[in-house]
Amino acid sequence: MAKIPIVQDFVVDRDEDKCISCQVCCRMCSNDAHTYDRETDKVSTDTAKCVGCHFCESFCPTDALTIRRNASEIRQNANWKQEMLTWIAKQAETGGVLLTGMGCDQPFPVYWDHILLNASQVTNPSIDPLREPMELRTYLGCKPDRLEVESPQQQCPEKAPHLKAKPGKQLLLQTPILFSAMSYGSISLNACKSLAWAASEFGTFYNTGEGGLHRDLYPYGANTIVQVASGRFGVHEEYLKAGAAIEIKIGQGAKPGIGGHLPGEKVNEEVSRTRMIPMGSDAISPAPHHDIYSIEDLRQLIYALKEATRYEKPVGVKISAVHNVAPIATGVVRAGADFVSIDGLRGGTGAAPTVIRNNVGIPIELAIAAVDTRLRQEGIRNHASVIAAGGFRTSGDIIKAIALGADAVYIGTSALVALGCHLCQKCYTGKCNWGIATQDPYLTKRLNPHIGARRLINLLRAWSLEIKEMLGGMGINAIESLRGNREALRGVGLSDTDLKILGIKPAGEAW
Amino acid sequence: MKRIVIREEYCMGCRLCEIHCLVQHSKSKEIIKAYKGEYPKALPRVLVEEKEYLSFALQCRHCEDAPCLEACMTGAMHKDEETGAVICNEDKCVGCWMCIMVCPFGVIARNTEGKKAASKCDLCLGEKMPVCVQHCPNEAIVFEEK
Amino acid sequence: MVEKMYVADKDYRVPAGCGVSGIMNETGERFGGDAIITSIALMRDRSNGLGGGFAAYGIYPDLANYYAFHLMYESEDARRQTEEYLKGCYTIMHDEPIPSREVKTIKHSPILWRYFLMPREEALTRDPLLSEKDFVAMTVMHVNSRITHALVASSGKNMGIFKGVGYPEDIGEFYCLEGYKGYIWTSHGRFPTNSVAWWGGAHPFGLLDWSVVHNGEISSYGINRRYLQNFGYFCSFFTDTEVITYLVDLLIRKHELSFEMVAKILAAPFWVDIERMPEEEKEFYQSMRMVYGSALLNGPFGVIVANTETMLGLNDRLKLRPLVAARWGNFVYIASEESAIREICPQPDRVWMPRAGEPVLARLRKDGSSAGAGQSLAAQGLETVSPGCEAACPCQECEPASQGYEAASQDSEAYGRKEVL
């Protein structure tokens, strides 16, 4: 048999009583799943084309559509999951590497769901964030171990003592949440604009990814972290100077060990100009930086970038969470990085080989704990900030990450969800119905950046408020008192080894 | 006056504006009934113009010096004193279509089902906001003072 | 850890809170321990009999050049091990049991011993980067964390910490404190909640000549402790007060910051207030919060920190625990309740409620000058009787040699030394 039909992922239920044949679904589906038959005045659906993005369902004015998982099941088999058969069928047909988008969707343990927070009772009062100040302000960058002041022992300082040396350049965040690296190319310019506007409005940062910086985004440089990745796409002096900080991307949580991958379908004229690559060509970043084969080479690149920007900007390094993440992170800090970004197993991507996304790396929870502990053991925790990334779903995850030791977190997937993403994992096709992961002008205009920015600001605001509520509940009124404060956490249903690595006590154990 | 402003760069061509306009101008004002149970079916007063990936929703611009007002021989076409909207009094309209002839935007349609009358945007007077604007999922048409 | 040092915490849920009190004579005139006992005893409701203690400065003037180590041992074996360790790097000038008398309510007392130590030259030079004080601090850390059943209660010069499980006035009686004379006294009545009651866990906590008494709960304890580990401080008392002690030692002794600055680190001003400051000040406080964020003490506290020259009272940044200060002549009083001050000083010159995060500082005036309206006690003829401040007066006549004290002194041949008088 030359071609074995693949079991469809989804079925589209159309309630014929409700369908008014208005054809919104037909017009909106970029996968052409819905078609209108003029003769019968009916709309029908080719479920094989449905990717489960729920765009049509969201826009149907009569709620006539419901997207469901296809109930068709293979004979029950604990070993073989249905999707595996589908993968094999596809590969048997194409002989290619399977691609996917977004973060790992496999059922590995999510440690966030096994960690619980503390709250005040009796012995210390909880603090009401609506009535008392509650501080989330965060500074990212290298901090000295101590401050040296002129005439330190002066008894009555009428005015502030004079500092002998000021701390190096820091990134000031109004909330410990940044938007993670998502390149122009992998996402649309409107998506980039939404992120940039929201970051600058809220007082935090977004990250260019390895997509370069589009002309329209230069005005938001003060809230931009520009990335330098192995492909060096879009990197030039002006680009480096445009951002508030520079991040060298070594690895990405969704695909540790391999480089970025932008399918040629998404490389249109603007992307080509911004990335400085030919139109329509696949932009495949090398797996390693070919000028970094060891830690001392990384040090050279860090200092080359610092030189290029006159030491005015923090330079960080992004690594994916792998088995040796803790020693690697200390090496990175010792190499001179002002911040280390760690991207965990569930970090998203616009395109990655499915097998790598699903099988490589470690969960971010363990990575944060290991890195923070190790940096403290080596006495260099102050020398760099730690930004955690990879699958933060709620403000609860974020506050737990900070209590484990992260200075701030990057959110990517949740930001895209705020923009409409339904995690259909088809980013690599360039057919994103929500106008996010596409460059098709018919689709990109679906994301109005004014709305996008507003929604992102709302998300940041909502999560910040929730974080304040939780902090207040713990009787803490400044985020730095929670940062690395693992006494605020307890584990449930975790093994002793997990608890040891996370550095937290089991629930029920007092201090 | 408050006008409907078009931001064509965000119009995704879903035509939800047309659908909700039709419902608003139907007898029942219920979407499924308006489409499946009312004859004659109401007409939408807004039309989405499309070429390639460019699209936008166009309805009466409610001109200050509206040519349709000049052309109307029965006085059916008039300006609402309060809002400045150009409104067609369908009772007075005799269906001569002169307004259609002179409209520079082509936003007046013929309603030939039932009583012959010019069909055009009335800014959904009485509503806080025209329904097309209310239901535009991408804010590609906005209602603002201009 | 030190099993028998625990007692059953049976009256656990009596609503109250810890009480603290401190008295300092800024000219350095020494006075007896009965004043502080009277003051802390008044706040009996604030403790529940599960811990009390005192820190006294100026009590060993004749051995002022030696580090006075107060040790608590649960076993003779621990004492042997500790002494062996101490002998390795110190000259032990003198050692003896800490005098105590039998008090009905005080049970399970550990072996209490004090040593007057001088680090050996050769031990100090082993690591040229270590200062003498670092070396002594390391000794304390070593004994506390490595030697089972041994804990250093205090380790400063010319000062000592006396603490245990019981109501503070009973602890004071137990240690015969009326027989000591000091120019700073701080005390604590404990109502333990987050840590169990045991002798080592009572306040004050000390390191070198630091002592800390604390009423409150440090919600940032987890990160404060981890921050201190970076600098070689290991917390072994399972209580948040310990971190305050080490933070103060780190910031003032090692980082050479002033008490005022340290107050602004431990109870940092809010960002909204920093934003309103003049440019240079703003920059300073921004940097301070940036660098010392992990040293911020979050949660409710009223604390009295003392060293040889200073007594500092400080509240948390929201003032969630009470703290009152008063001045009478050269005396500065700090206490959880005004009544505890009025009890020993009915008519102070000034009483005030320090605001959140605003430090109360009393400093030893080495030139002997007097502060404000107050005059030296001698000049006021207050040496014997103090109408305004009876109990606190350094009354020569009541130099008590109580029976328990004498009994204790007989245990140790060398105890007749003047330094305790």
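Let us look at the structure shown here. For clarity, every value in this text was computed on a predicted model and none was experimentally measured.

Residues and elements named next belong to chain C. Spatial ordering of the open sheet is given by S8-S3-S10-S1-S16-S15-S17, a layout of 7 strands whose pairing is antiparallel. Both outer strands of the open sheet, strand S8 (159–164) and strand S17 (350–352), are each paired with one neighbouring strand and no more. Averaged over all neighbouring strand pairs, the angle between strand axes comes to 10°, with direction disregarded. Direction of pairing for strand S1 (residues 19–25) relative to strand S10 (residues 184–189): antiparallel, over a ladder of 6 bridges. Along S10, the bridge assignment pairs Ser-21 with Ser-187.

So, on to helix H14 (residues 449–473) of chain A. With 25 residues, H14(A) extends 35 Å from end C-alpha to end C-alpha; this agrees with the ideal 36 Å at 1.5 Å per step. Remark: Gly475(A) follows H14(A) within two positions and exhibits a positive phi of approximately 75°.

The next point concerns the interface of chain A and chain B. Taken together, the contact pairs 16 residues of chain A with 17 residues of chain B. Of all elements in the fold, only helix H1 (24–28), helix H13 (441–444) and H14 of chain A reach the threshold of two or more residues within the side of chain A that touches chain B. In terms of residue count, the dominant contributor to the side of chain A that touches chain B is H1(A) (3 residues). Looking at the side of chain A that touches chain B residue by residue, the classes come out as 9 nonpolar, 3 polar and 4 charged.

Each partner contributes to the interface: chain A provides 41 residues, whereas chain C provides 35 residues. When grouped by side-chain class, the residues that make up the side of chain A that touches chain C number 17 nonpolar, 11 polar and 13 charged.

The topology assignment puts Lys115(B) in the loop between strand S6 (109–111) and strand S7 (117–119). Measuring from C-alpha to C-alpha, the distance between Lys115(B) and Lys51(B) comes to 33 Å, with 64 residues separating the pair along the chain.

This part is about the sheet that holds strand S4 (residues 67–73) of chain C. All names here are of chain C. Read across the sheet, 4 strands follow the order S5-S6-S4-S7 without closing on themselves; strand pairing throughout is antiparallel. What marks the edges here is a single partner per strand, and that holds for strand S5 (90–97) and strand S7 (150–154). With direction set aside, neighbouring strand axes in the sheet form an average angle of 30°. With 7 bridges joining them, S5 and strand S6 (residues 111–119) adopt antiparallel strand pairing. Paired with Glu-96 across the two strands is Arg-114, which belongs to S6. Strand contacts of helix H4 (residues 132–146): S4, S6 and S7, with the helix running at about 140° to S7, the strand carrying the most contacts.

Our next topic: helix H3 (residues 82–94) of chain A. An ideal rise of 1.5 Å per residue puts 18 Å on 13 residues; H3(A) measures up with 19 Å between its terminal C-alpha atoms. Where H3(A) ends, the next residue or the one after it, Gly95(A), has phi of about 70°, a positive value.

All names here are of chain A. If you look at the biggest cluster of nonpolar residues, it comprises 315 residues, and the most contacted ones within it are Val-325, Ala-329, Val-340, Ile-342, Ile-368, Ile-387 and Val-409. Sorting elements by how many residues they give to this core places helix H4 (residues 189–202) first, with 9 residues. Aside from chain neighbours lying at most four places away, what touches Val-325 is Ile-319, Ile-342, Ile-362, Ala-367, Ala-370 and Val-371.

Here we take up the environment of Asp134(C). Mapped onto the secondary structure, Asp134(C) falls in helix H4. Each C-alpha atom, one on Asp134(C) and one on Arg253(C), is 9.5 Å from the other, the two residues being 119 residues apart in sequence.

Before going further, it helps to examine the packing of helix H8 (residues 325–334) of chain A against helix H10 (residues 364–377) of chain A. Residues and elements named next belong to chain A. Where H8 contacts H10, the two axes come as close as 8 Å, and the packing angle between them is 50°. Comparing the axis directions of H8 and H10 gives the class oblique. Taken as a pair, H8 and H10 cross one another with a handedness that is right-handed. Two secondary-structure elements touch here, H8 through Val-325, Ala-326, Pro-327, Ala-329, Thr-330 and Val-333 and H10 through Ala-367, Ala-370, Val-371, Arg-374 and Leu-375.

The next thing to look at is the packing of helix H7 (residues 240–254) of chain C against helix H8 (residues 259–266) of chain C. All names here are of chain C. At a closest axis distance of 10 Å, the pairing of H7 and H8 adopts a crossing angle of 135°. By the angle class used here, H7 and H8 are oblique. Of the two possible hands of crossing, H7 and H8 adopt the one that is right-handed. The residues of H8 that touch H7, namely those facing Leu-247, Val-248, Leu-251 and Ile-252, are Phe-259, Val-262, Ile-265 and Leu-266.

What follows covers unusual backbone geometry. In this structure, the amide linkage connecting Tyr39(B) to the following residue, Pro40(B), adopts the cis form with an omega of -5°. Relative to the helices and strands, Pro40(B) is located in the loop between helix H2 (31–36) and strand S2 (47–51). Even without being a glycine, His54(A) presents a positive backbone phi close to 65°. Counting through the fold element by element, His54(A) comes out in the loop between strand S3 (42–45) and helix H2 (55–59). The buried category is assigned to His54(A), around which 20 C-beta atoms lie within 10 Å. A positive phi angle is found at Cys124(B), which is not glycine, with a value near 50°. For Cys124(B), a count of 20 C-beta atoms within 10 Å gives the class buried.

This part covers the arrangement of the chains. Among the 2 pairs of chains in contact, the pair with the most contacts is chains A and C. For chain B and chain C, which are not in contact, the least C-alpha distance works out to 37 Å.

All names here are of chain C. In this structure, Phe-301 sits in strand S13 (residues 301–306). Exposure remark for Phe-301: the 28 C-beta atoms within 10 Å place this residue in the buried category. Between the C-alpha atom of Phe-301 and that of Leu-320, which follows or precedes it by 19 residues, the distance is 6.6 Å. Excluding its chain neighbours within four sequence positions, the residues that come into contact with Phe-301 are His-214, Asn-215, Gly-216, Ile-218, Asp-316 and Arg-321.

We now examine the pairing of strand S16 (residues 339–343) of chain A. One face of the sheet, then the other: side chains in a regular strand alternate in exactly this way. All names here are of chain A. For S16, the tally of buried residues reaches 5 of 5 residues, placing the bulk of the element in the interior. Covered by surrounding structure in S16 are Phe-339, Ser-341 and Asp-343 together with Val-340 and Ile-342, the residues of both alternating faces. Here strand S15 (residues 315–320) runs beside S16; their pairing, made up of 5 bridges, is parallel. Residue pairing across strands places Val-317 opposite Val-340, the latter belonging to S16. The β-α-β motif built from S15, the intervening H8 and the parallel element S16 has right-handed crossover chirality.

Conventions and cut-offs
- Residues numbered from 1 in each chain as written.
- Chains lettered and ligands numbered in written order.
- Predicted model: local features only at pLDDT ≥ 70, side-chain atom pairs only at ≥ 80, totals over all residues.
- Pairing = 2+ DSSP bridges.
- Helix = DSSP H or I, 4+ residues; strand = E, 2+ residues; numbered from the N terminus.
- Axes fitted to C-alpha atoms, helices over the stretch in contact; angles between N-to-C directions.
- Expected span 1.5 Å × (residues − 1).
- Contact = placed C-beta atoms within 7 Å.
- Nonpolar A, V, L, I, M, F, W, Y, C, P; charged D, E, K, R; others polar.
- Core = buried A, V, L, I, M, F, W, Y, C linked by C-beta atoms within 7 Å.
- Buried ≥ 20, exposed ≤ 12 C-beta atoms within 10 Å, placed from the backbone.
- Parallel < 35°, antiparallel > 145°, perpendicular 65-115°, else oblique.
- Left-handed = near helix turned anticlockwise from the far one by under 90°.
- Right-handed = clockwise from strand over helix to strand, strands pointing away.

Shape descriptors only; they carry no functional weight alone.
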